[in-house]
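Structural overview
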Amino acid sequence: MPIVERSALRDLFISTSGENWNCKTNWLSDVEVSNWYKVGTLSSHVHSIVMSSNKMNGAIPNTIKALTKLRMIEFATMPSLYGTLEPITQVTTLRRLCICRCQITGPIPEAIGNLSELEELQLFGNKLQGIIPESLGKLSKLKLLSLGEYTGGNNFKAGPIPSCIQNLHQLEALFLSSCNLTGTVPEWLSTLTELRQVDLQNNHLGGLVSHSTFAGLSNLLYLNLKDNRKLCGPLPVRALVSLRKLNRLSFVNTDFEVPADLLPYLKSKLPTCKVWM
């Protein structure tokens, strides 16, 4: 194990009050790093750090960028973990980046687009601000993008669903709940034909939703538009009933026109789909 990688782990331990972690087995000891709690190694390099609810308290140190072979970071449900994403965006080998339900602040750096191997990006439940960067569109291998879920979103500057997302042709799950989104649900969504889950709840989206917005999403299982009170006009029923795999659909607290016979009709066409309206 390179000394610089051991040093980076040591910095992480010290910076986040490692002595007070719930579990810190073997950290800073002389045993192989692969035996340190929640650290994975591959070919004598740090491969993964996965911690959840472990009372990390402090900032993510800049030296984390020294872990140049790191493929997975998961820090979840640690509300005293803070700092920015800037150092992590220099770890270009990452395939999975999950920092959720913490206190990460600042904008998502434009340099996030340099993580060309990234397949999963989960940043929901933080205090991120600014705009969602267009550089996200460079992450061509991304399958999961979650900037907001029902447990919490982020404090992004109000704006539309970023058009750069239409470049993510391998995307299977898109979670943008509670992200301060405005404007309409874009028609280009239908070009992301691998999508299985779309959650846009609790934003400020409005206007009409056309049939073409969902018409191409034959793999879609889950669609959540709830708590977007300005969504209005006819529900795109023809497109929805063509989604034969759809098993969960919610448009609670929207202003769509809902005929009295809509629910029975949806049930007749999508008998396995749970509908909230």
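Residues numbered from 1 in each chain as written. Predicted model: local features only at pLDDT ≥ 70, side-chain atom pairs only at ≥ 80, totals over all residues. Heavy atoms only, no water.

This brings us to the overall build of the chain. Along the chain, the regular secondary structure elements total three helices and 19 strands. Overall size of the chain, expressed as C-alpha extent along the three principal axes, is 70 × 30 × 30 Å. Considering only contacts in the chain between residues 6 or more positions apart, those separated by 24 or more positions represent 61%. As displayed, the chain has an accessible area near 12,200 Å², and 49% of this comes from carbon and sulfur atoms. In the chain, the 27 positive side-chain charges and the 21 negative ones have mean positions that sit 4 Å from each other. (Helix = DSSP H or I, 4+ residues; strand = E, 2+ residues; numbered from the N terminus. Contact = heavy atoms within 4.5 Å. Areas by Shrake-Rupley, 256 points an atom, 1.4 Å probe, with all protein chains shown as cover. Lys, Arg positive; Asp, Glu negative; His and termini not counted. Charge placed at Lys NZ, Arg CZ, Asp CG, Glu CD.)

This part covers the nonpolar core. Formed by 83 residues in total, the largest nonpolar core has its most connected members in Phe75, Leu97, Ile99, Leu121, Leu147, Ile165 and Phe214. Listed by contribution, the elements that provide at least two residues to this core are helix 1 (3-15), strand 2 (45-52), strand 4 (72-76), strand 6 (96-100), strand 9 (144-148), strand 11 (173-176), helix 2 (237-241) and helix 3 (262-269). Each residue touching Leu97, except ones within four places of it in the same chain, is listed here: Ile73, Ile88, Ile112, Leu115, Leu118, Glu120, Leu121 and Gln122. (Core = buried A, V, L, I, M, F, W, Y, C linked by side-chain atoms within 4.5 Å. Buried < 20%, exposed > 50% of the residue type's maximum accessible area, 1.4 Å probe, protein only.)

Strands sit in the order 1-2-4-6-8-9-11-13-15-17-19 across an open sheet of eleven strands; the sheet is mixed. Here the strands that pair on one side only, and so sit at the sheet edges, are strand 1 (39-42) and strand 19 (274-276). Each adjacent strand pair in this sheet contributes to an overall mean axis angle of 10 degrees, direction not counted. (Pairing = 2+ DSSP bridges. Axes fitted to C-alpha atoms, helices over the stretch in contact; angles between N-to-C directions.)

Time to look at the state of the cysteines. Scanning the entire structure with this criterion turns up zero disulfides. Cys102 supplies the cysteine sulfur nearest to Cys23, a cysteine that is in no disulfide, at a spacing of 18 Å. (Disulfide = S-S within 2.5 Å.)

This part is about the pairing of strand 9. Within strand 9, five of the five residues are buried, leaving the element largely enclosed by the surrounding structure. Sheet topology places strand 8 (residues 120-122) next to strand 9; three bridges connect them, and they run parallel. Bridge pairing in strand 9 links Gln122 to Ser146. When strand 9 meets strand 11, the two strands line up parallel, connected through four bridges.

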